[in-house]
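# Understanding the architecture of this molecule
Here is what each chain is made of, one letter per residue.
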Amino acid sequence: HLFSALLVMCIFMYVVSLAIMQGITDDIEKVQPQNSPCARALAMFSDTAEQTPIQEIATLYGSLPRSMMTLFMTVSGGLEWRAAAEPVVQLGAFYGVIWTFYTAFMVFGLLNVLTGIFVDSAINVLTNDKDNMIQMQQEERESLIQTISDVFWRSAKGSADMMSE
């Protein structure tokens with residue numbers, strides 16, 4: 001179950017990344033370039049406030065792996081989704097709808113399913129542990145009953161032997 005849920009998550013991120021990148025290539029001319037200095041070293045993991053909108057888009061969505069990493073970082077807490085969506089929303093409201101749908105689906109849908117899988121696994125382990133404890137208690141009870149029966153049987157046999165003497 002866990003593997004299939006992770007596979008669905010990866011496929012969904014891949015499809016959303018492709019949709020965003022396809023739209024960006026068509027709409028990038030709409031963004032007005034601004035002149036501002038920008039350091040490109042580790043730009044994806046740094047604050048993008050000093051970058052122009054085009055540089056922000058290139059930093060976050062410059063390739064398919066970068067786009068997927070941006071999408072993953074937004075749902076895993078590594079990047080605020082508003083900061084990742086803002087540069088592309090400047091291209092059109094369509095991107096805002098994609099981002100809202102992506103975030104809602106991932107947070108409320110898929111990640112809750114993953115949490116449910118983990119909780120179900122934990123409950124199954126707990127149930128199996130309870131079954132094992134019940135089995136052990138039944139075995140202990142049967143052993144105790146057998147020991148008590150043996151004691152009474154021996155005492156009854158011993159009393160019968162004493163009376164015959």
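Throughout what follows, the structure given in this document is the object of discussion. (Residues numbered from 1 in each chain as written. Predicted model: local features only at pLDDT ≥ 70, side-chain atom pairs only at ≥ 80, totals over all residues. Heavy atoms only, no water.)

## Here's the deal with the packing of aromatic side chains
- Per the counting criterion, the structure on display carries 7 aromatic pairs.
- Here Phe12 and Phe101 contribute two aromatic rings whose centre-to-centre distance is 6.0 Å and whose plane-to-plane angle is 70°, an arrangement assigned as edge-to-face. One end of the pair, Phe12, is in helix 1 (residues 2-27); the other, Phe101, is in helix 5 (residues 93-164), with 89 residues separating them in the sequence.
- A residue is classified by how much of its surface remains accessible, and Phe12, at 15% relative accessible area, is buried.
- Among the aromatic residues, ring-to-ring pairing joins Phe12, Trp81, Trp99, Phe101, Tyr102 and Phe105 into one connected group. (Phe/Tyr/Trp six-rings, centres within 6.5 Å; stacked < 30°, edge-to-face > 60°. Helix = DSSP H or I, 4+ residues; strand = E, 2+ residues; numbered from the N terminus. Buried < 20%, exposed > 50% of the residue type's maximum accessible area, 1.4 Å probe, protein only.)

## Let's talk about the nonpolar core
- The biggest cluster of nonpolar side chains holds 24 residues, and the ones touching the most others in it are Ile20, Tyr61, Val88, Trp99, Tyr102 and Met106.
- Those elements that place two or more of their residues in this core are helix 1, helix 2 (53-61), helix 3 (64-76), helix 4 (81-89) and helix 5.
- For this core, the element with the most residues is helix 5, which contributes 8 residues.
- Tyr102 has contacts with Phe12, Met13, Val16, Leu71, Phe72, Thr74 and Val75, leaving out every residue within four places of it along the chain. (Core = buried A, V, L, I, M, F, W, Y, C linked by side-chain atoms within 4.5 Å. Contact = heavy atoms within 4.5 Å.)

## Section: the pattern of salt bridges
- By the definition in use, this model includes 1 salt bridge.
- The partner of Arg82 in a salt bridge is Glu80, and the shortest N-O contact between them spans 4.0 Å. Pair check on accessibility: Arg82 and Glu80 agree, each one exposed. (Salt bridge = Lys/Arg side-chain N within 4 Å of Asp/Glu carboxyl O.)

## Some thoughts on the environment of Val15
- For Val15, the location among the structural elements is in helix 1.
- A C-alpha to C-alpha distance of 9.3 Å links Val15 and Met68, two positions 53 residues apart in sequence.

## Digging into helix 3
- In this model, helix 3 (13 residues) spans 18 Å end to end at C-alpha, consistent with the 18 Å of a helix rising 1.5 Å per residue.
- Of all the residues in helix 3, the buried ones are Ser67, Thr70, Leu71, Met73, Thr74 and Val75. (Expected span 1.5 Å × (residues − 1).)

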